[in-house]
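Understanding the architecture of this molecule
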Amino acid sequence: LTADTLHSTVHRVFQRVDVLEVAAGRVVERARETYREVEELAQLRAGRIRQVAERTFHVLGARTLLKAFKDVKIKGDTIYLG
């Protein structure tokens, strides 16, 4: 499929592929809710990462490692350490 613009309206899409590769200049996703399940490794490699939560941000793991080669800043009205 080659097109300048493609619009589609689909009730449900199910795809099963061995490898899915997407190359794009920019990817914009808008959704009311998203869920992703990964059995082994989920990895993101980026020059910069910014995550913004309007209300609450949770990180939960049996073991959590945050590592910085320079500075770590934690800003908050109250900071609770285990």
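Refer to the preceding data block for the structure.
Chains are numbered independently. Their residues run from 1 in the order of the written sequence. Totals for whole chains, interfaces and linings use every residue, but because this is a predicted model, local features are given only for residues with pLDDT of at least 70 and side-chain atom pairs only at 80 or more, for both listing and counting. To obtain the side-chain values, all non-hydrogen atoms of the structure were included, while hydrogens and water were left out.

From N to C terminus, the protein includes zero helices and zero strands. Expressed as lengths along the three principal axes of its C-alpha atoms, the size of the protein is roughly 55 × 30 × 25 Å. By the burial criterion, 0% of the 82 residues in the protein qualify as buried. Of the side-chain charges in the protein, 15 are positive and 11 negative, and the distance between the mean point of each set is 7 Å. The secondary structure listing takes helices from DSSP runs of H or I that are at least 4 residues long and strands from runs of E that are at least 2 residues long, numbered from the N terminus. Buried means the residue's accessible area, taken with a 1.4 Å probe over protein chains only, is under 20% of the maximum for its type, while exposed means over 50%, and partly exposed covers the values in between. Charged residues are defined here as Lys and Arg on the positive side and Asp and Glu on the negative side; His and the ends of the chain fall outside this count. The atom standing in for a charge is NZ when the residue is Lys, CZ when it is Arg, CG when it is Asp and CD when it is Glu.

With that settled, the discussion passes to the pattern of salt bridges. Note on definitions: salt bridges are taken to be side-chain nitrogens of Lys or Arg within 4 Å of carboxyl oxygens of Asp or Glu. Inspection of every chain in the model, using the stated rule, returns one salt bridge. One salt bridge connects Arg32 with Glu33, and the closest N-O pair in it is separated by 3.7 Å. Accessibility expressed as a relative area gives 47% for Glu33, which makes it partly exposed.

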